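# Structure at a glance
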Amino acid sequence: MTQTTLRQHLQSQKADTDLMILMEDIATACRMIADRVRHGAIAGVLGAAETENVQGETQKELDVISDEIFQEVVGANPTVAALVSEEVDEVNWRKEAPQAGDFIVYYDPLDGSSNLDVNLSVGTIFSIVRLENAIEPSAEAVQIKGTAQIAAGYAIYGPSTGLVITVGQGVDGFTHHPGSGEFLLTSGAMSIPPQTQEFAINASRYDLWDAPVRSYIDDCLRGADGPRGKKFNMRWCASMVADVHRILTRGGVFLYPKDSGNAGQGGKLRLMYEANPMGMLVEQARGASSTGTGRIMEVVPTGHHQRVSVILGSREEVAVIEGYYAK
Ligand code: P6P
């Protein structure tokens, strides 16, 4: 087993020094979050905080703790101009006069936190954009298309603590080594098989789905004698990081489409710190990421908490689903 560390791997990819340092700081924040998550009930921080986030969701104690860790560790990096967090309404400007070359980091500090109380996998998702010019701090200034991302990734707090990243040269997976504290390269050049027989969707929303989604799932469930001519399996972790990690590891397709229950909000998952980073990772691993009618990373943001339909994974299966929308 090679012992390549995150830094050594980023050096081998000739990542820009400031970006490499930022990725190391994000990895440090994820290690600290993992430590808090792994103490679980013992630390007395499971359960709900007495607060709601901007999404109107009751915050878990660990949501708040994880966001604070990210702010303290990553926000201390002098090249970070702004932090955009799922847990915080306003943009967290770290500089009064952001310069060209500074970074904006969008993040969901603890995605899937409803799984914490039942000890299932959760994660941290991040997206990095680099400013090409000096800007004036404003809410609009962080509304940047996903195609501008220079890096993205997630930490997954599962049986082991993993870190999956891209700096635009493919996707690589690392595993936290408790002894050294390092993230060691364990899955180089992750690649999503183009075809799959496994879909991930919250099937309890069947009655809310638009016709294309319902038709697609109906046809998959008709199995080998149906129009798809093969049997499908279903998985749903209620943790995007866990579902996407499975897809990056063995293929599959993940759907959280806009439906009649969430259409007023534009969908469930957030564009800037869930759909865009996962979209970049999936595309860098030769998969596809779509709203059903277009590429996720081409969506022009109108707000840093906006929501969007998400269909991503094995590229040929995503194309099949886009075909249902096109009918
Ligand atoms: P549902 C977690 O709250 C999350 O944002 C994603 O991680 C996950 O895929 C989805 O929502 C789960 O949604 O409707 O199954 O609770």
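Along each chain, residue indices are assigned from 1 in the same order as the chain's sequence is written. Since the coordinates come from a predicted model, pLDDT governs what is reported: local features require at least 70, and pairs of side-chain atoms require 80 or more to be given and counted, while whole-chain, interface and lining totals use all residues. Hydrogens and water molecules were not included; the side-chain quantities draw on all heavy atoms of the structure.

In this section: the site of the ligand. Lining the immediate environment of the ligand, one finds 13 residues, of which D111, N202, W236, M240 and Y256 sit closest. E274 places a polar side-chain atom, nitrogen or oxygen, 3.5 Å from an oxygen atom of the ligand. Lining residues are those with an atom within 4 Å of a point, where the points come from a 1 Å grid over the protein atoms alone and group into cavities, where a 1.4 Å probe fits but cannot get out, or pockets, open sets with protein on both sides within 12 Å along at least five of seven lines. Each molecule is assigned to a cavity or pocket provided more than half of its atoms lie within 2 Å of the corresponding grid points. Using a 2 Å cut-off from the grid points, one finds that the ligand occupies the largest pocket. Going through the elements one at a time, β13 (253-256) and β14 (269-270) are the ones with two or more residues in the shell around the ligand. Whether a residue is near a molecule or strand is decided by its heavy atoms; if any one of them lies within 4 Å of it, the residue is near. Throughout this description, a polar contact denotes any pair of N or O atoms lying within 3.5 Å of each other; where both atoms belong to protein, one of them has to be capable of donating a hydrogen while the other can accept it, and for residues adjacent in sequence the pair is counted only when both atoms sit in side chains. Helix numbers and strand numbers start at the N terminus; a helix is a DSSP run of H or I with at least 4 residues, a strand a run of E with at least 2.

With that settled, consider the pairing of strand β9 (residues 172-176). Pairing of strand β8 (residues 161-166) with β9 involves four bridges; the strand directions are antiparallel. What sits directly across from I165, in β9, is D172. Following DSSP output, two strands are said to pair if at least two bridges run between them. With four bridges connecting them, β9 and strand β10 (residues 183-187) associate as antiparallel partners. Across the sheet, the residue bridging to T175 is L184, located in β10.

Okay, the pairing of strand β7 (residues 149-157) next. Between buried and exposed lies partly exposed: a residue is buried under 20% and exposed over 50% of the maximum accessible area for its type, with that area taken using a 1.4 Å probe on protein chains only. The buried fraction of β7 is high, at eight of nine residues. Both strand β6 (residues 122-130) and β7 contribute to a ladder of eight bridges, which runs antiparallel. Counterpart to G123 in the pairing with β7 is I156. Inspection of the sheet shows β7 paired to β8 by six bridges, in the antiparallel sense.

Here we take up the domain arrangement of the protein chain. Looking at the protein chain, the domain boundaries give domain 1 (6-187) and domain 2 (198-326). These domain limits were set by an automatic method or by a database of domain assignments. Between the C-alpha centres of domain 1 and domain 2 the distance comes to 23 Å. Whether two residues touch is decided by their heavy atoms; if any such pair falls within 4.5 Å, the residues are in contact. Facing the 46 residues of domain 1 at the interface are 31 residues of domain 2. Joining two parts hides part of their accessible area as seen by a 1.4 Å probe, and the buried area is that hidden amount summed over both. Interface area for domain 1 against domain 2, summed over the two sides, is near 2800 Å², with a carbon-plus-sulfur share of 62%. Considering only the surface of domain 1 that becomes buried against domain 2, Q143, K145 and Y154 emerge as the three largest contributors, covering 20% of it. Where E86 meets R270, a salt bridge forms, and the shortest distance between an N and an O atom there is 2.6 Å. Viewed at the interface, domain 2 and domain 1 are joined by 15 residue pairs in polar contact (both at pLDDT 80 or more). Mapped by element, the contributors of at least two residues to the side of domain 1 that touches domain 2 are β3 (80-85), β5 (103-111), β6, β7 and β8. The dominant element in the side of domain 1 that touches domain 2, judged by the number of residues it contributes, is β7, at eight residues. Gly is put with the polar residues, along with every residue not named as nonpolar or charged; the nonpolar set is Ala, Val, Leu, Ile, Met, Phe, Trp, Tyr, Cys and Pro, and the charged set is Asp, Glu, Lys and Arg. Each residue belonging to the side of domain 1 that touches domain 2 can be placed in one class, and the counts come to 21 nonpolar, 18 polar and seven charged. Whenever a carboxyl oxygen of Asp or Glu lies within 4 Å of a side-chain nitrogen of Lys or Arg, that contact is scored as a salt bridge.

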